[in-house]
Amino acid sequence: MNKIEDQIKGYYSSKIKQFGATPQGVDWNSVESQELRFEVLSSLINNQDHFSILDYGCGFGSMLTYFETKYQSFEYIGFDVSEDMITVALNKFSTKQNVKWSTRLPIEKTDYVIASGIFNVKLENTNEDWLTYILETLMKIDESCVKGFSFNVLTKYSDKEYMKDYLYYADPLLLFDYCKKNFSKNVALLHDYNLYEFSIIVRK
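## Some words on unusual backbone geometry
Reasoning step 1: Located in the positive-phi region is L123, a residue other than glycine, with phi close to 55°.
Reasoning step 2: When you line up the elements, L123 lands in the loop between β4 (110–115) and α5 (127–143).
Reasoning step 3: Its relative accessible area of 14% is what places L123 among the buried residues.
Reasoning step 4: You will see that N194, though not glycine, has its phi angle at about 60°, which is positive.
Reasoning step 5: Position of N194 among the secondary structure elements: in the loop between β6 (186–190) and β7 (197–203).

Take a look at the structure:
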C-alpha cells in the first residue's frame, strides 16, 4: 500500500506542477466528462438540508466547486496524498468556512465519502497488486463514512483499441459483488452514462 501510494503521490504531483489547476493537472479528458462523473457519484447523497462529505483523492478541489452549485449546506473535507494538490486547493479556496484540506485520512467519520478517479492509474503495478490496493482502499473508505460511499473505475468493457497499459480496467461485477458481500445490501452499479467507466454506490 505504501509503495503504491508513493507512486500515486509522485504521479499526480508531477501533473499539477506541469499543468497547474486545470483539467490536465488532475489527468482529466475534459471538464464536461468530469462534471458528469460528479453528477453520477453524488447520486449517493439524499436530498437533505445538511451533510458532511469526504472527497477521497480530492486533487485541487474541483468536486467542491461542483457541490457549491448543487447543495446549500454541507461540510467538506478534501483528502489527497499529494501535498502539491492540497497546496493548490488551499490557495484556491482559502476563504471557505465549511472546508478542510488534509494529506492524511481524517479520523472523524463523515456522512458520505466520494472517490472519483483514484483507481484508474495503476502505473507499472500488476493488475493483481492494483486490485488488492483497490479492495484495501475500499475498506478504508467504508470505515470513514456513516451513510455510504461511491466510487468509479475504468471498465473492462472499454474499446480495446483505446485501452492503455498504465491504466486499470476493472470488472464491474467483481467489485459489485465485493461491495454487496462486505459493505451493504444496498449497492447500485451504474454503467449507463457514456463514459468508459462505471460507478458503484454503496448505501448503508
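What follows picks up the thread again.
## Describing the nonpolar core
For soluble globular proteins, the rule of thumb is that nonpolar side chains tend to be buried together.
Reasoning step 1: Judged by nonpolar contacts, the single largest core of 30 residues is most densely connected at F119, L138, F149, F151 and L175.
Reasoning step 2: Those elements that place two or more of their residues in this core are α1 (2–19), β1 (51–56), β2 (74–79), β4, α5, β5 (145–154), α6 (172–182) and β7.
Reasoning step 3: It is α5 that contributes the most residues to this core, six residues altogether.
Reasoning step 4: Excluding residues that lie within four positions of it along the chain, L175 makes contacts with L131, I134, L135, L138, F151, V153, A170, F198 and I200.
Reasoning step 5: Formed by 22 residues, the second largest nonpolar core is a distinct cluster that contains F74, F93, Y112 and I201.

## Details of the packing of aromatic side chains
Reasoning step 1: Tallying each qualifying case throughout the model produces 18 aromatic pairs.
Reasoning step 2: When the centroid spacing of 5.4 Å and the interplanar angle of 65° are considered together, the rings of Y76 and W101 count as edge-to-face. Taken as a pair, Y76 in strand β2 and W101 in strand β3 (residues 99–102) lie far apart in primary sequence, 25 residues in all.
Reasoning step 3: Considering the side-chain rings of F149 and F151, the 6.2 Å spacing of their centres and the 25° angle between planes classify their relative orientation as stacked.

## Here we look at the packing of α5 against α6
Reasoning step 1: Look at α5 against α6: their axes get within 12 Å of each other, and the N-to-C directions meet at 35°. As for the relative orientation of α5 and α6, their crossing is right-handed in sense. Where α5 approaches α6, its residues L131, I134, L135, L138 and M139 are matched on the opposing element by L174, L175, Y178, C179 and N182.

Cut-offs applied
Residues take numbers from 1 onward in each chain, read along the sequence in its written order. The model is predicted, so local features are restricted to residues of pLDDT at least 70 and side-chain atom pairs to those at 80 or more, both for listing and for counting; the totals for chains, interfaces and linings are taken over all residues. Only hydrogens and water are set aside when side-chain values are computed; all heavy atoms of the structure are taken into account. Numbered from the N terminus, helices here are DSSP runs of H or I no shorter than four residues, and strands are runs of E no shorter than two. Under the scheme applied here, a residue whose accessible area is under 20% of the maximum for its type counts as buried, over 50% as exposed, and between as partly exposed, the area being computed with a 1.4 Å probe on protein chains only. Only buried residues count toward a nonpolar core, which is a set of Ala, Val, Leu, Ile, Met, Phe, Trp, Tyr and Cys residues joined through side-chain atoms within 4.5 Å. By the convention used here, residues are in contact when the closest approach between their heavy atoms is within 4.5 Å. Pairing of aromatic rings covers Phe, Tyr and Trp, the last counted by its six-membered ring, and requires centre-to-centre distances within 6.5 Å; plane angles under 30 degrees mean stacked, over 60 mean edge-to-face, and any other angle means tilted. Angles here are taken between N-to-C directions and fall from 0 to 180 degrees, while the axes themselves are lines fitted to C-alpha atoms, restricted in helices to the stretch in contact. Should the near helix be turned anticlockwise from the far one by less than a right angle, the crossing is termed left-handed; should it be turned clockwise, right-handed.

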